[in-house]
Amino acid sequence: MSLQRIVRVSLEHPTSAVCVAGVETLVDIYGSVPEGTEMFEVYGTPGVDIYISPSMERARERADTRRWHFDTGLEIIVVMNSPSNDLNDSHVQISYHSSHEPLPLAYAVLYLTCVDVLVVCAEGGGPPELPPLSGSADLEDMSVMVLRTQGPAALFDDHKLILHTSSYDAKWARVFHACGPEDSCEAYRHVLGQDKVSYEVPRVHGDEEHFFVEGLSFPDASFTGLVSFHVTLLDDSNELSTTPLTLPPLEVYVCRVRNNTGFVDAVAELARKAGCKLTICPQNENRNDRWIQDEMELGYVQAPHKTFPVVFDSPRNGELQDFPYKRILGPDFGYVTREPQDSSVSGLDSFGNLEVSPPVVANGKEYPLGRILIGGNLPGSSGRRVTQVVRDFLYAQRVQPPVELFVDWLAVGHVDEFLSFVPAPDEKGFRMLLASPSACFKLFQEKQKWGHGGALLFKGVVGDKPVNTVSINRVLSNVNLISYNKFVQSCIDWNREVLKRELGLTERDIIDIPQLFKTERRKAVAFFPDLVNMLVLGKHLGIPKPFGPVINGHCCLEEKVRSLLEPLGLHCTFIDDFTPYHMLHGEVHCGTNVRRQPFSFKWWNMVP
């Protein structure tokens, strides 16, 4: 299944995007809509195919067949099948209409550049028993892989092609790039496999690059014989068995530290409402290390005759490092950890960067125990990743195969900073929550339009240091803040596409939660308390209190979140974590941990 890209259009200015031939692009028209819109029309230049997907039950239709009623359930899908000759040589136009006005209310234009990326593989021999590439004759034992690209040369001024594979697949094959004259052994560079998981393909030899793939092992019990390689067209113009949150909670963990009494009391009350046990780690044991989510992940092991919980101790080793071993390990509570031999541990090795999805079906395959979600860098970049020994351990848990997301744009760098899952009462059983700067700006613009531009954020914050208030008007006039959050939105959209593909999600399964970010040392941190970083205890949610603009006596951010989540039967409790957690770049989820009921599904009934 090809990876879909999401492009958001604007009424203020044309939008430009690059698409890959034959790959669907989703066009989001809902983030920027003129008031009074009841219908819309979509047209494209020749060579641009546009479809409307009304619902899961109905087949898609060509967009130019009629005028469409404005319904947030619709998806607009754009496909180009031939490469462009020039940058932005094709476009899509969306017009917004009201039944009360003869002319369109507004237009949005999306300019498109199409590039064709094709990988062709030829047959080769079996796995040769060879030292590192000993001569050109060895190439006869390998499979040839040709990467062809077609498109405007100027496109690659700010885009690059990345050939990449997973760390698991890298063990079983090596890839060599033909970089020079064929009669020179040195011309064939080892670019993928073993310790190499990504390679930026240089565009110095024209539109076609040749690679040679060497198998390193025959199929056996631990290796199916299939190795996957992926090609990503990367926009370089910006810097760029555990349990899911939706399972019923059994026990909540929280640390008591110097300044978080009110926070602990609020978590205790939420645990009482959810009917689960509360365990408080005292200050003399945590030594003011409050980040109990980062220290450990709670799961379970299971055999036909017995099930018991296990704590996975992270290699972060802060002041809480003794807690999992000394306080949780016991006769009926297992313990496991993975420690690197070198000093490769980073903030990404904390377990706020380790989550699990609910059970999903994706690409025709069932994942009845969900999938592990961890964060790292973009393919081909040199950013932070989870340390190798932890990645190896997680990939070895084959019944919950990991999905790696992009988190290196964040200062802390954890997946729980922009996503969460909550239970839902329908057949799907859950919704995925994503932080959304676009949704936040849209909310603030609506409030400003209705005369509430002077309403203040951060009013009522009580803490050791005074916090300056800021109005909606000031937020919406801050050009740097707006520009940076467009970049943040693009990073979240990258992950949105990956999650939709790897978890089999549609837009109906995703809820956009308003959130803004600011930059510190060229990385992102939450501008106000991060609303998706919540504690999920069944139907009871402990959400960071955002201290948003108060309008008619109510915080408009809290009201918006309630309107999105309470129709699912969820109960929203907003917890003040501003001083003890938010000011230290963490929130409610970071400061808590939960042991949950095991799945009823038995892992041995799944075929990995």
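Calculation criteria
- Residues numbered from 1 in each chain as written.
- Predicted model: local features only at pLDDT ≥ 70, side-chain atom pairs only at ≥ 80, totals over all residues.
- Heavy atoms only, no water.
- UniProt positions renumbered as here; feature names shortened; annotations may be inferred.
- Helix = DSSP H or I, 4+ residues; strand = E, 2+ residues; numbered from the N terminus.
- Buried < 20%, exposed > 50% of the residue type's maximum accessible area, 1.4 Å probe, protein only.
- Lys, Arg positive; Asp, Glu negative; His and termini not counted.
- Charge placed at Lys NZ, Arg CZ, Asp CG, Glu CD.
- Domains from an automatic or database assignment.
- Core = buried A, V, L, I, M, F, W, Y, C linked by side-chain atoms within 4.5 Å.
- Pairing = 2+ DSSP bridges.
- Contact = heavy atoms within 4.5 Å.
- Axes fitted to C-alpha atoms, helices over the stretch in contact; angles between N-to-C directions.
- pLDDT = per-residue confidence, 0-100.
- Salt bridge = Lys/Arg side-chain N within 4 Å of Asp/Glu carboxyl O.
- Phe/Tyr/Trp six-rings, centres within 6.5 Å; stacked < 30°, edge-to-face > 60°.

Looking at an unreviewed UniProt entry, one finds the protein chain named Protein-arginine deiminase type-3, with Ursus americanus as its source organism. In the Subcellular location (unreviewed entry) part of its UniProt record, the protein chain is described as follows: "Cytoplasm". Recorded in UniProt under Sequence similarities (unreviewed entry), the annotation for the protein chain is "Belongs to the protein arginine deiminase family."

Side note on the overall build of the protein chain
Looking only at helices and strands, the protein chain features nine helices and 40 strands. Taken along the three principal axes of its C-alpha coordinates, the protein chain extends 75 × 75 × 45 Å. In the protein chain, buried positions account for 52% of the 608 residues. Of the side-chain charges in the protein chain, 56 are positive and 77 negative, and the distance between the mean point of each set is 8 Å.

Re the domain arrangement of the protein chain
Looking at the protein chain, the domain boundaries give domain 1 (5–115), domain 2 (137–235), domain 3 (252–281) and domain 4 (296–605). Summarising the inter-unit geometry, the C-alpha centres of domain 1 and domain 3 are found 48 Å apart.

Digging into the nonpolar core
Ranked by internal contacts, the top residues of the largest apolar core, which has 92 residues, are Trp409, Phe418, Phe444 and Leu565. The biggest single contributor to this core is helix 8 (residues 479–503), with nine residues. The next biggest cluster of nonpolar side chains, apart from the first, holds 27 residues, and it includes Val27, Ile29, Phe40 and Met80.

Describing the sheet that holds strand 6 (residues 61–62)
Here we have five strands laid out as an open sheet, ordered 1-3-8-5-6, and mixed in their pairing. If you trace the sheet from one side to the other, it starts and ends with strand 1 (5–8) and strand 6, each paired once. Here strand 5 (residues 48–53) pairs with strand 6 via two bridges, running antiparallel. Across the sheet, Ile52 pairs through a bridge with Glu61, a residue of strand 6. Running at roughly 145° to strand 1, helix 8 makes contact with strand 1, strand 3 (25–28) and strand 8 (75–80) of the sheet.

Brief notes about the confidence of the model for the protein chain
Across the protein chain, the average pLDDT comes to 88, with 92% of residues at 70 or higher. For the stretch residues 124–137, pLDDT sits under 50, and the model shows 28 contacts to residues farther than four places along the chain or on other chains.

Quick look at the environment of Leu541
Structurally, Leu541 can be placed in strand 36 (residues 540–544). Residue Leu541 is classed as buried on the basis of its relative accessible area, which comes to 0%. The residues contacting Leu541, other than those within four sequence positions of it, are Leu270, Val422, Met534, Leu535, Val536, Leu565, Leu570, His571, Cys572 and Thr573.

Section: helix 5 (residues 388–396)
All of the buried residues along helix 5 are Val390, Arg391, Phe393, Leu394 and Tyr395. The secondary structure elements touched by the buried residues of helix 5 are strand 21 (306–313), strand 22 (334–337), strand 23 (354–356), strand 26 (372–376) and strand 27 (403–406).

Comments concerning the pairing of strand 13 (residues 173–178)
The buried fraction of strand 13 amounts to six of the six residues, a majority that puts the element mostly inside the structure. Of the two faces of strand 13, both are covered, the one formed by Ala173, Val175 and His177 as well as the one formed by Arg174, Phe176 and Ala178. By the bridge criterion, five bridges tie strand 13 to strand 16 (residues 208–215) in an arrangement that is antiparallel. In the sheet register, Val175 faces strand 16, and the bridge partner there is Val213. Relative to strand 14 (residues 188–192), strand 13 runs antiparallel, the two being bridged by four bridges. Among the inter-strand pairings, His177 is bridged to a residue of strand 14, identified as Arg189.

Describing the pattern of salt bridges
Per the stated rule, a full pass over the model turns up 32 salt bridges. When the shortest N-O distance is used, the salt bridge between Lys449 and Glu35 registers 2.2 Å. Take Glu35: its relative accessible area is 54%, and that puts it in the exposed class. When the shortest N-O distance is used, the salt bridge between Asp64 and Arg62 registers 3.9 Å. Its relative accessible area of 42% is what places Asp64 among the partly exposed residues. Each of Arg287, Glu319, Asp322 and Lys326 takes part in a single network of salt bridges with overlapping partners.

Some remarks on the packing of aromatic side chains
Summed over the entire model, instances satisfying the criterion amount to 17 aromatic pairs. Ring centres 6.2 Å apart and planes at 85° place the aromatic pair Phe40 and Phe70 in the edge-to-face group. In this pair, Phe40 sits in strand 4 (residues 39–44) while Phe70 sits in the loop between strand 7 (68–69) and strand 8, placing the two residues 30 residues apart along the sequence. The class for Phe70 is partly exposed, based on a relative accessible area of 24%.

Some points on the sheet that holds strand 27
Backbone-to-backbone hydrogen bonds pair the strands of a sheet. The strands run either parallel or antiparallel. Reading across from one edge, 23-26-27 is the order of the three strands in this open sheet, with mixed pairing throughout. Both edges of this open sheet fall to strand 23 and strand 27, since each of them pairs with a single strand only. Going across the sheet, the axis of each strand differs from the next one's by a mean of 35°, ignoring polarity. Relative to strand 27, strand 26 runs parallel, the two being bridged by four bridges. Across the sheet, residue Gly375 finds its bridge partner in strand 27, namely Leu405. On top of the sheet, helix 5 reaches strand 23, strand 26 and strand 27; it is set at about 155° to strand 26, its chief contact.

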